[in-house]
Amino acid sequence: MPAHRPQARSLATDAEPIRAEIFSPERMASHGASLAAAHTVATTSRPGRPVRPRVIENGRVLHACYRNVALEIQQQRSHSPAA
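Residues numbered from 1 in each chain as written. Predicted model: local features only at pLDDT ≥ 70, side-chain atom pairs only at ≥ 80, totals over all residues. Heavy atoms only, no water.

Visitor: Give a detailed account of the overall build of the protein chain, specifying residues and quantitative values.
Guide: Scanning the protein chain from terminus to terminus reveals two helices and zero strands. Per-residue burial for the protein chain yields a buried fraction of 1% across its 83 residues. If you sum the accessible surface of the protein chain, you get close to 8,300 Å²; carbon and sulfur atoms cover 59% of it. (Helix = DSSP H or I, 4+ residues; strand = E, 2+ residues; numbered from the N terminus. Buried < 20%, exposed > 50% of the residue type's maximum accessible area, 1.4 Å probe, protein only. Areas by Shrake-Rupley, 256 points an atom, 1.4 Å probe, with all protein chains shown as cover.)

Next up, the structure:
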């Protein structure tokens, strides 16, 4: 039986930004307890996907990004922070 997954709320519809939801230590403990109560722990395990291929691919992407930024700096070109 799959674990219960609470429905995620859309941040796009919230009037306040997420930074407005800073929890006090007491509120964080209460939130943690409610999350724990809403989920179940699997008593059996199942094989997951191997992590190594994903880590290798992420490394390739990060290295390519590094090379592109280094080339732009070397050529004294600017780029946007979101690039």
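Back to the text.
Visitor: Could you give me a rundown of the pattern of salt bridges, with the residues and numbers involved?
Guide: According to the stated counting rule, one finds two salt bridges in the structure shown. Between E72 and R77 there is a salt bridge; the shortest N-O distance is 3.7 Å. The class of E72 is buried, set by a relative accessible area of 17%. (Salt bridge = Lys/Arg side-chain N within 4 Å of Asp/Glu carboxyl O.)

Visitor: Which residues make up helix 2 (residues 52–74), and what are the values?
Guide: One turn of an α-helix holds 3.6 residues; hence residues three or four places apart share an orientation. If you check helix 2, its first and last C-alpha atoms are 33 Å apart, about what 23 residues at 1.5 Å a residue would give, namely 33 Å. Where helix 2 terminates, the next one or two residues include Q76, which has phi positive at roughly 55°. (Expected span 1.5 Å × (residues − 1).)

Visitor: Requested: an account of unusual backbone geometry, with residues and values cited.
Guide: Phi at Q76 is positive, roughly 55°, even though this residue is not glycine. Among the structural elements, Q76 can be located in the segment after helix 2. Given a relative accessible area of 75%, Q76 falls into the exposed group.

Visitor: Pulling in residues and values, what's your account of the packing of aromatic side chains?
Guide: Inspection of the entire model under this criterion finds zero aromatic pairs. Between the NZ or CZ atom of R27 and the centre of the ring of F23, over which it lies, the distance is 4.7 Å. (Phe/Tyr/Trp six-rings, centres within 6.5 Å; stacked < 30°, edge-to-face > 60°. Lys NZ or Arg CZ within 6 Å of the ring centre and 35° of its normal.)

Visitor: How would you summarise the confidence of the model for the protein chain if you had to cite specific residues and measurements?
Guide: Here the protein chain shows a mean pLDDT of 80. Residues at 70 or above account for 72%. Residue range residues 1–6 is modelled with pLDDT below 50. Its contacts to residues more than four positions away, or to other chains, number four contacts. (pLDDT = per-residue confidence, 0-100. Contact = heavy atoms within 4.5 Å.)

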